[in-house]
Amino acid sequence: MSALRRRRPRALTAFVWLYIAWSLLPALIAIGFSFNGGRSRSVWQGFSTQWWLDGATSLLHSDVYLNALEQSFKLAAINVAIAVPLGVGLAIVLSRWFGRGSGTLGLLATLPLVVPELVLAIAVFLLLTELLTFVHLGTMAQAVGQITFCLPFVVVIMRGRLASIPTDLEEAAMDLGASPLQALRLVLIPLLQPAIVASVVITFAVSIDDFVITQYLASDDSSQTVPMLIYNTARGSATPALNATAAVLVVVTGLIVGLGALAYFLLRRRRGMGAAAVHG
Amino acid sequence: MRGRSFYPFRYLLAIGGPGLVWVGLFVVASLYALFAIALGSLDPILFQPQPAWNPLDWSFANFEQVISGLSPSGGQFWGVFTRTLLYIVLAAAGCVAIGYPVAYYVAIHAGRSKALLLVLLVTPLLVSYMLRMLAWVGLLAPDGYVNEVLGWLNVVSEPSGWLDGRPSTVVIALIYGWVPYFILPLYASLERLDRRYLEAASDLGATRVRTFIHVTLPLSVPGILAGLVLIALPMFGDYYTNQLVSGAATTSMAGNLINTYVEGSQQRAVGAALAATLLIFLAAVLSFYLRATARAARQVLR
């Protein structure tokens with residue numbers, strides 16, 4: 001190891017920091033333009049808050065921008081509330097059922113991960129418009145599409161954690177008189193808590209960022225999310241209020257993911273020590 | 001082999017049932033719907049696609065149109081298909097050229113700054129993809145900062161129209177959008193790399209460059225391939241990056257083609273057949289990749 005650490009590769013260090021600057025600065029500049037003094041999104045014309053607070057076309061006074069933010073967060077909330085419980089249940093069955101068909105089921109449950117999102121979006125769109133017509137395009141269809149898209153992420157995260165929990169723990173609990181339900185509730189679920197938090201965070205982030213499925217299953221302007229708004233107006237005459245809207249989305253997402261990450265590490269430390277004590 | 005499960009079957013059904021129903025209803029059924037439309041016919045009066053739910057009604061007319069369109073001699077989809085492959089190969093090469101050094105440094109040489117670097121590598125994934133593209137639409141505008149900087153450096157004499165349908169802009173935008181996704185699986189694989197091999201190479205007198213070429217690089221091939229699969233799959237369906245930084249028909253890719261066909265309701269069935277063809281093509285490539293990695297893993301174990 002010491003031989004490898006003899007000398008730090010300076011050129012490589014510089015390259016990595018350049019990459020990081022390249023990957024993050026453009027978005028920061030775009031957020032900076034939301035405070036532009038004029039209506040340009042590419043030339044700096046002095047500082048103002050007119051695109052945030054004051055003007056008639058500011059974020060705060062625009063139904064279109066506020067509605068897009070509301071739709072983005074509403075869909076993310078619905079998605080987390082449904083995809084996480086469904087995925088946790090599915091993952092528990094996939095890792096605790098060793099009978100026939102479990103392999104095929106595991107494959108089907110994670111299939112959307114290897115289907116390009118555009119193909120999945122078209123498939124769900126055709127299903128909902130040709131067969132299951134009671135699911136109307138708009139919020140309901142968008143939620144269905146996003147949940148279908150996010151479910152495999154939850155399943156993969158949960159199965160990763162479940163694979164590291166030996167079934168001995170639950171069997172021991174049942175040998176000691178716990179009912180299967182108690183074994184689940186008192187042994188398995190507490191050990192799964194960090195992975196559940198991780199699933200919530202990932203599902204939320206994927207939903208907020210999602211564009212293709214959300215656009216395919218939208219109905220009209222009322223179901224327009226922030227990524228759709230950017231796609232539809234970025235090349236047009238949108239004002240810096242668009243940048244302000246995107247900034248709100250990114251900052252709120254960052255806060256929620258940051259809180260989730262904190263909860264994850266706290267839980268894992270507590271639960272991790274608990275599991276270590278069980279193993280002796 | 002232990003029994004099937006120590007949980008009674010009805011418990012498992014109650015826990016996993018809703019998820020199973022969801023997967024059956026929306027994953028399996030929607031892929032079936034895609035094929036039912038693609039294998040359906042066109043209603044002669046309403047000019048609407050007619051799904052063929054019953055396999056006995058399947059008609060291969062739409063697939064025949066796709067297959068003949070993919071013919072190298074004058075097929076209407078051949079140009080888009082080869083352009084898609086070319087752009088994706090170039091973008092994937094760019095992702096390796098930029099992403100490999102970054103993943104390598106953070107996994108092997110970062111030392112104390114590793115945690116910070118990891119957070120910074122994940123951050124782009126949390127910044128909305130569309131915002132990152134919006135940022136470049138501003139920077140590449142005729143009066144944007146890119147032209148301004150190039151003007152200072154006297155690289156261009158007058159503002160250049162980067163967003164007017166240039167292949168180079170599309171490829172660079174694809175690299176920019178997807179390279180963060182390439183770095184993470186590669187980092188994970190380099191991180192797991194057994195350091196004793198590197199120490200052994202160094203103890204036996206190999207220079208750092210030789211160690212890298214003969215030890216690190218061969219051992220990281222599975223990680224590179226995993227990262228490439230992860231970014232290539234979505235790039236085949238990515239129409240939005242292209243649309244935002246170019247929008248021109250001369251740079252359109254498979255995703256743009258499929259999107260255009262599905263949006264126009266008359267040609268929707270052809271769009272579904274194109275999407276299904278893309279799915280079959282990618283499934284074939286993916287199964288080849290999975291078989292090759294399984295074989296490689298067996299050889300290592302032997």
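Residues numbered from 1 in each chain as written. Chains lettered and ligands numbered in written order. Predicted model: local features only at pLDDT ≥ 70, side-chain atom pairs only at ≥ 80, totals over all residues.

On to the overall build of chain B, then. Tallying secondary structure elements over chain B gives 13 helices and 2 strands in all. For 302 residues, the compact-globule estimate of 2.2 N^0.38 gives 19 Å, and the C-alpha radius of gyration of chain B, at 24 Å, exceeds that figure by more than 25%. Each principal axis of the C-alpha atoms in chain B carries an extent, and together these give about 75 × 75 × 40 Å. Taken across its 302 residues, chain B has 41% of its residues classed as buried. Contacts in chain B between residues far apart in sequence, at least 24 positions, make up 62% of those at least 6 positions apart. (Helix = DSSP H or I, 4+ residues; strand = E, 2+ residues; numbered from the N terminus. Rg over C-alpha atoms; globule rule 2.2 N^0.38 Å. Buried ≥ 20, exposed ≤ 12 C-beta atoms within 10 Å, placed from the backbone. Contact = placed C-beta atoms within 7 Å.)

A few words now on the overall build of chain A. Regarding its fold elements, chain A presents 11 helices and 0 strands. Along the chain direction, N to C, the helices and strands of chain A fall in the order α-α-α-α-α-α-α-α-α-α-α. Taking the principal axes of its C-alpha atoms as reference, chain A extends roughly 70 × 65 × 30 Å. Sorting the 280 residues of chain A into buried and exposed places 44% on the buried side.

Counting from both sides, the interface comprises 74 residues of chain B and, opposite them, 70 residues of chain A. Here the side of chain B that touches chain A takes 18 residues from helix H1 (residues 9-38) of chain B, the largest share from any one element. Of the residues assigned to the side of chain B that touches chain A, the class counts are 54 nonpolar, 14 polar and 6 charged. (Nonpolar A, V, L, I, M, F, W, Y, C, P; charged D, E, K, R; others polar.)

Moving on: helix H1 (residues 10-32) of chain A. All names here are of chain A. The end-to-end C-alpha separation of H1 is 32 Å, in line with the 33 Å expected for 23 residues at 1.5 Å each. Of all the bends in H1, the greatest reaches close to 30° and is centred on Leu-24; the proline Pro-26 follows between one and four positions later. Every buried residue of H1 is listed here: Val-16, Tyr-19, Ser-23, Pro-26, Ala-27, Ala-30 and Ile-31. (Expected span 1.5 Å × (residues − 1). Bend = angle between axes of the 7 residues up to and from the residue.)

Counting residues in hydrophobic clusters, the biggest one holds 166 residues, and the most contacted among them are Ile122(A), Val124(A), Leu34(B) and Ala272(B). For this core, the element with the highest residue contribution is helix H3 (residues 63-96) of chain A, accounting for 15 residues. (Core = buried A, V, L, I, M, F, W, Y, C linked by C-beta atoms within 7 Å.)

Another aspect to go through is the packing of H3(A) against helix H6 (residues 139-163) of chain A. What describes two packed helices is the angle between their axes and the distance between those same axes. Residue and element names in this part refer to chain A. Where H3 contacts H6, the axes come no closer than 7 Å and their chain directions differ by 40°. As the angle between them shows, H3 and H6 are arranged oblique. Note that H3 runs across H6; the crossing there is right-handed. Its residues assigned to classes, the contact of H3 with H6 shows 20 nonpolar, 5 polar and 1 charged. (Axes fitted to C-alpha atoms, helices over the stretch in contact; angles between N-to-C directions. Parallel < 35°, antiparallel > 145°, perpendicular 65-115°, else oblique. Left-handed = near helix turned anticlockwise from the far one by under 90°.)

Attention now goes to the packing of H6(A) against H1(B). The interhelical angle for the contact between H6(A) and H1(B), taken along N-to-C directions, is 115°, at an axis separation of 11 Å. In terms of orientation, H6(A) and H1(B) fall into the roughly perpendicular class. Crossing handedness for the pair H6(A) and H1(B): left-handed. From H6(A), Val144(A), Thr148(A) and Leu151(A) reach across to H1(B), where they touch Gly19(B), Trp22(B), Phe26(B) and Val27(B).

Residue and element names in this part refer to chain B. Per-residue confidence for chain B averages 87 on the pLDDT scale, and 97% of its residues sit at or above 70. Within chain B, the lowest mean pLDDT, 78, falls on strand S1 (residues 41-42), and the highest, 93, falls on helix H3 (residues 78-109). Overall fold confidence (pTM) sits at 0.89, and the ipTM for the predicted complex is 0.89. (pLDDT = per-residue confidence, 0-100.)

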